[in-house]
Amino acid sequence: MASDNTALRINGSDPLFDTTNMIQKVFPSDFRQVRYFTLLIVQSAPVEIKEHNILEQQVSEIIKNAIKHGNRCDTNKKVTVWYSFSKIHAHLIVMDEGSGFQELERWNAFNQKRLACLAANDFSALGDYLAFRTAQSDEQDNGISLFAALEYWNGGIVFNEQRNAVAVLRKYAPGAPKK
(Lines give C-alpha, C1' and ligand atoms only; values in the text may rest on other atoms or scores of the structure.)
Protein backbone atom coordinates (compact mmCIF):
# COMPACT_ATOMS: atom_id res chain seq x y z
CA MET A 1 0.00 0.00 0.00
CA ALA A 2 1.50 3.31 -1.05
CA SER A 3 1.46 6.11 1.44
CA ASP A 4 1.85 9.86 1.16
CA ASN A 5 3.86 10.59 4.27
CA THR A 6 3.46 14.34 3.89
CA ALA A 7 -0.29 14.59 4.54
CA LEU A 8 -3.07 13.29 6.73
CA ARG A 9 -5.78 11.62 4.64
CA ILE A 10 -9.54 11.16 4.99
CA ASN A 11 -11.03 7.89 3.76
CA GLY A 12 -13.14 5.74 6.08
CA SER A 13 -13.12 2.98 3.42
CA ASP A 14 -9.33 2.73 3.44
CA PRO A 15 -8.04 -0.82 4.07
CA LEU A 16 -6.30 0.53 7.20
CA PHE A 17 -9.77 0.63 8.83
CA ASP A 18 -10.22 -3.14 8.42
CA THR A 19 -10.39 -4.55 11.98
CA THR A 20 -10.19 -8.21 10.91
CA ASN A 21 -7.93 -10.19 13.29
CA MET A 22 -7.27 -7.12 15.44
CA ILE A 23 -7.58 -7.02 19.23
CA GLN A 24 -10.10 -4.51 20.55
CA LYS A 25 -9.93 -2.59 23.85
CA VAL A 26 -12.31 0.08 25.13
CA PHE A 27 -11.09 2.66 27.64
CA PRO A 28 -12.71 5.49 29.59
CA SER A 29 -11.44 8.97 28.74
CA ASP A 30 -9.31 9.19 31.88
CA PHE A 31 -6.23 11.22 31.00
CA ARG A 32 -4.44 10.01 34.13
CA GLN A 33 -4.44 6.46 32.73
CA VAL A 34 -2.98 7.12 29.26
CA ARG A 35 0.32 5.43 30.13
CA TYR A 36 -1.48 2.40 31.57
CA PHE A 37 -3.71 2.05 28.48
CA THR A 38 -0.64 2.36 26.26
CA LEU A 39 1.25 -0.34 28.14
CA LEU A 40 -1.76 -2.68 27.92
CA ILE A 41 -1.60 -2.37 24.15
CA VAL A 42 2.14 -2.27 23.50
CA GLN A 43 2.91 -5.23 25.77
CA SER A 44 1.70 -7.57 23.03
CA ALA A 45 4.13 -6.17 20.43
CA PRO A 46 7.12 -8.36 19.59
CA VAL A 47 10.39 -7.09 21.01
CA GLU A 48 11.74 -6.77 17.45
CA ILE A 49 9.48 -3.78 16.72
CA LYS A 50 9.50 -1.89 20.02
CA GLU A 51 12.32 0.39 18.79
CA HIS A 52 13.53 1.79 22.08
CA ASN A 53 10.02 2.85 23.14
CA ILE A 54 9.23 4.87 20.00
CA LEU A 55 6.23 2.61 19.35
CA GLU A 56 5.06 3.21 22.92
CA GLN A 57 5.41 6.97 22.53
CA GLN A 58 3.45 6.99 19.27
CA VAL A 59 0.62 4.84 20.67
CA SER A 60 0.48 7.04 23.75
CA GLU A 61 0.14 10.21 21.64
CA ILE A 62 -2.77 8.79 19.65
CA ILE A 63 -4.62 7.70 22.79
CA LYS A 64 -3.84 10.99 24.52
CA ASN A 65 -5.24 12.95 21.57
CA ALA A 66 -8.43 10.87 21.54
CA ILE A 67 -8.99 11.46 25.25
CA LYS A 68 -7.94 15.11 25.42
CA HIS A 69 -9.02 16.55 22.07
CA GLY A 70 -11.68 14.07 20.98
CA ASN A 71 -13.55 13.32 24.17
CA ARG A 72 -12.42 16.42 26.10
CA CYS A 73 -11.49 14.19 29.07
CA ASP A 74 -15.17 13.31 29.61
CA THR A 75 -14.90 10.00 31.51
CA ASN A 76 -18.43 9.10 30.33
CA LYS A 77 -17.05 8.89 26.79
CA LYS A 78 -15.00 5.94 25.57
CA VAL A 79 -11.95 5.49 23.39
CA THR A 80 -11.92 2.30 21.34
CA VAL A 81 -8.60 0.91 20.16
CA TRP A 82 -8.05 -1.93 17.71
CA TYR A 83 -4.48 -3.14 17.29
CA SER A 84 -2.35 -5.77 15.64
CA PHE A 85 1.40 -6.35 15.89
CA SER A 86 3.83 -8.70 14.23
CA LYS A 87 7.55 -8.67 13.47
CA ILE A 88 6.78 -6.74 10.27
CA HIS A 89 3.98 -4.35 11.27
CA ALA A 90 2.23 -2.26 13.90
CA HIS A 91 -1.36 -1.37 13.04
CA LEU A 92 -3.73 0.69 15.20
CA ILE A 93 -7.15 2.19 14.87
CA VAL A 94 -8.24 4.62 17.57
CA MET A 95 -11.77 6.04 17.72
CA ASP A 96 -13.22 8.54 20.16
CA GLU A 97 -16.73 9.92 20.64
CA GLY A 98 -15.83 13.52 19.82
CA SER A 99 -16.61 15.79 16.89
CA GLY A 100 -13.38 14.91 15.07
CA PHE A 101 -10.28 16.74 13.86
CA GLN A 102 -12.03 19.53 11.95
CA GLU A 103 -8.79 21.44 11.29
CA LEU A 104 -7.24 18.60 9.28
CA GLU A 105 -7.00 20.47 5.96
CA ARG A 106 -5.57 23.53 7.71
CA TRP A 107 -2.98 21.29 9.42
CA ASN A 108 -2.03 19.72 6.06
CA ALA A 109 -1.54 23.18 4.47
CA PHE A 110 0.53 24.27 7.48
CA ASN A 111 2.68 21.15 7.24
CA GLN A 112 3.23 21.59 3.48
CA LYS A 113 4.57 25.11 4.15
CA ARG A 114 6.76 23.73 6.96
CA LEU A 115 8.16 21.04 4.65
CA ALA A 116 8.81 23.61 1.91
CA CYS A 117 10.81 25.73 4.36
CA LEU A 118 12.83 22.68 5.38
CA ALA A 119 13.49 21.68 1.77
CA ALA A 120 14.64 25.21 0.93
CA ASN A 121 16.75 25.48 4.10
CA ASP A 122 14.74 28.62 4.85
CA PHE A 123 15.15 28.53 8.59
CA SER A 124 14.01 32.11 9.15
CA ALA A 125 10.61 31.31 7.57
CA LEU A 126 10.52 27.94 9.34
CA GLY A 127 10.06 29.81 12.61
CA ASP A 128 6.48 30.53 11.54
CA TYR A 129 5.77 26.79 11.25
CA LEU A 130 7.08 25.33 14.49
CA ALA A 131 3.75 25.00 16.30
CA PHE A 132 0.23 24.39 15.00
CA ARG A 133 -2.60 25.54 17.22
CA THR A 134 -6.37 25.68 16.94
CA ALA A 135 -8.92 27.69 18.90
CA GLN A 136 -9.23 24.69 21.24
CA SER A 137 -5.47 24.34 21.86
CA ASP A 138 -4.02 24.93 25.29
CA GLU A 139 -0.49 26.03 26.21
CA GLN A 140 0.84 22.44 25.93
CA ASP A 141 -0.56 21.86 22.45
CA ASN A 142 1.76 22.49 19.53
CA GLY A 143 1.05 19.87 16.85
CA ILE A 144 4.56 18.47 16.99
CA SER A 145 3.31 14.93 17.60
CA LEU A 146 1.63 14.94 14.16
CA PHE A 147 4.92 15.86 12.47
CA ALA A 148 6.57 12.89 14.20
CA ALA A 149 3.60 10.63 13.41
CA LEU A 150 3.95 11.22 9.67
CA GLU A 151 7.58 10.18 9.91
CA TYR A 152 6.89 7.12 12.05
CA TRP A 153 3.71 5.62 10.54
CA ASN A 154 5.25 4.84 7.14
CA GLY A 155 2.26 2.76 6.02
CA GLY A 156 -0.09 5.70 6.33
CA ILE A 157 -2.27 7.81 8.58
CA VAL A 158 -5.91 8.03 7.59
CA PHE A 159 -8.99 9.47 9.30
CA ASN A 160 -12.60 8.46 8.81
CA GLU A 161 -15.03 10.99 7.33
CA GLN A 162 -16.27 12.05 10.78
CA ARG A 163 -12.57 12.57 11.67
CA ASN A 164 -13.01 10.94 15.08
CA ALA A 165 -11.12 7.77 14.15
CA VAL A 166 -7.59 7.41 12.89
CA ALA A 167 -5.91 4.33 11.44
CA VAL A 168 -2.13 4.08 11.33
CA LEU A 169 0.33 1.51 10.04
CA ARG A 170 4.05 1.06 10.58
CA LYS A 171 5.79 -1.44 8.30
CA TYR A 172 9.08 -3.05 9.32
CA ALA A 173 11.47 -4.81 6.98
CA PRO A 174 11.94 -8.44 8.06
CA GLY A 175 15.30 -8.87 9.72
CA ALA A 176 16.06 -5.14 9.66
CA PRO A 177 18.29 -3.99 12.49
CA LYS A 178 16.65 -2.00 15.27
CA LYS A 179 17.40 1.71 15.46
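Refer to the structure presented above.
Rules and cut-offs
Residues numbered from 1 in each chain as written. Predicted model: local features only at pLDDT ≥ 70, side-chain atom pairs only at ≥ 80, totals over all residues. Heavy atoms only, no water. Axes fitted to C-alpha atoms, helices over the stretch in contact; angles between N-to-C directions. Helix = DSSP H or I, 4+ residues; strand = E, 2+ residues; numbered from the N terminus. Parallel < 35°, antiparallel > 145°, perpendicular 65-115°, else oblique. Left-handed = near helix turned anticlockwise from the far one by under 90°. Contact = heavy atoms within 4.5 Å. Nonpolar A, V, L, I, M, F, W, Y, C, P; charged D, E, K, R; others polar. Phe/Tyr/Trp six-rings, centres within 6.5 Å; stacked < 30°, edge-to-face > 60°. Lys NZ or Arg CZ within 6 Å of the ring centre and 35° of its normal.

Q: When you look at the packing of helix H2 (residues 54-70) against helix H5 (residues 144-152) in this model, what are you seeing that I'm missing?
A: For any two helices packed against each other, the geometry comes down to the angle between their axes and how far apart the axes lie. As a packed pair, H2 and H5 sit with axes 11 Å apart at the nearest point and diverge in direction by 130°. By the criterion of interaxial angle, the relationship of H2 to H5 is oblique. Note on packing geometry: the crossing formed by H2 with H5 is left-handed. Here Ile54, Leu55, Gln58, Glu61 and Asn65 of H2 come into contact with H5, specifically with Ser145, Ala148, Ala149 and Tyr152. Looking at the contact of H2 with H5 residue by residue, the class counts come to five nonpolar, three polar and one charged.

Q: Looking at this structure, how should I read the packing of aromatic side chains?
A: Each aromatic ring pair is characterised by the separation of its centres together with the angle its planes make. By the definition in use, this model includes nine aromatic pairs. Between Phe27 and Phe37, the aromatic rings sit 4.2 Å apart at their centres with planes inclined by 15°, giving stacked as the arrangement. With a gap of 10 residues between them, Phe27 in strand S2 (residues 23-28) and Phe37 in helix H1 (residues 34-42) connect regions that are remote in the sequence. Cluster of aromatic residues (ring-pair linked, three or more members): Trp107, Phe110, Tyr129, Phe132 and Phe147. The positively charged end of Arg114 is found above the aromatic ring belonging to Phe147, 3.8 Å away from the centroid. The ring of Tyr152 has Arg170 sitting right over it, with the charged end atom 4.5 Å from the ring centre.

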